[in-house]
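Each chain is listed here by its residues.
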Amino acid sequence: QPRQVDVLGNQQSFGHFEDILKHPQYAPLRETSHILCPVKEESYQLLDDLYSEVCPRLPFEMFNVCCDETWGLGTGPSKALAEKVGVGGVYVQHIRRVHDLLQQKYRKRMMMWGDIILQHPDKLQQIPKDTVMLTWGYGAGDSFEDQIIPFAKSGYEFFVCPGISNWSRILPDFGTATTNIRHFVRDGAKHGAIG
């Protein structure tokens, strides 16, 4: 790149979908008011449409599909599937489907937030190994290794993603932010974070 800067694209692809799902034409694609339904083919057609507007415009090899904070998964149309394969199983099936769409059609390496798969450690190995995990937490923890070691030990490349604790405030909480950044970066470097 002329200015040594790459632009990394992202698209919410599971949770945090409320701004789309609030529209009547997308109401049938709700798992909950904020989660895209993973058992309807139309959900993947919508994601394909969204990716088609972003991916071709960004030459960077990676793309973040997010997929964090899917609280309530398995309580809507995917409930029957969740009863068979568990909520973690439903989550992984969606991730694999998104991964394949992104890789095969758009030639992008998938990145995803790791918070939900860490809640289902028995399913972690089912996530494709070329996925880049993004691990995050915003508190002032003494250690973040519990959010890092599972990915490092399982052979995933990963980024650590500390925060500046500035949500719903005028100024950041600098004490929390400083501790969070210092410890997250320290633990990430120790275990081989790529970013």
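Shown above is the structure to which this text applies.
How each quantity is defined
- Residues numbered from 1 in each chain as written.
- Predicted model: local features only at pLDDT ≥ 70, side-chain atom pairs only at ≥ 80, totals over all residues.
- Heavy atoms only, no water.
- Pairing = 2+ DSSP bridges.
- Helix = DSSP H or I, 4+ residues; strand = E, 2+ residues; numbered from the N terminus.
- Contact = heavy atoms within 4.5 Å.
- Axes fitted to C-alpha atoms, helices over the stretch in contact; angles between N-to-C directions.
- Buried < 20%, exposed > 50% of the residue type's maximum accessible area, 1.4 Å probe, protein only.
- Right-handed = clockwise from strand over helix to strand, strands pointing away.

**Q** Explain the sheet that holds strand E4 (residues 132–136) here, please?
**A** Strand order in the open sheet formed by 5 strands is E1-E2-E3-E4-E5, and the pairing between neighbours is parallel. Strand pairing shows two members of the sheet lacking a second neighbour, strand E1 (9–10) and strand E5 (157–161), which therefore form its edges. With 2 bridges joining them, E1 and strand E2 (residues 62–64) adopt parallel strand pairing. Residue pairing for E2: asparagine 10 is matched across the bridge by asparagine 64. Where helix H3 (residues 79–106) meets the sheet, its contacts fall on E2 and strand E3 (109–113), and the angle it forms with E3 comes to roughly 150 degrees. Helix-sheet contacts for helix H5 (residues 174–190) involve E4 and E5, and the interaxial angle to E5 is about 165 degrees.

**Q** Sorry if this is basic, but what is going on with the pairing of E3 here?
**A** Regular strands place side chains that alternate from one sheet face to the opposite one. By the criterion of burial, E3 is predominantly enclosed, with 4 of the 5 residues buried. Alignment of E2 against E3, held across 3 bridges, turns out to be parallel. Residue pairing for E3: methionine 62 is matched across the bridge by arginine 109. Each parallel crossover has a hand, and the one from E2 via H3 to E3 is right-handed. Direction of pairing for E3 relative to E4: parallel, over a ladder of 3 bridges. When the sheet's bridge partners are listed, methionine 112 is paired in E4 with methionine 133.

**Q** Explanation requested: the side chain of serine 165 in the structure shown.
**A** Following the sequence through the fold, serine 165 ends up in the loop between E5 and H5. The class for serine 165 is buried, based on a relative accessible area of 12%. Excluding residues within four positions of it along the chain, serine 165 makes contact with Pro172, Asp173, Thr176 and Ala177.

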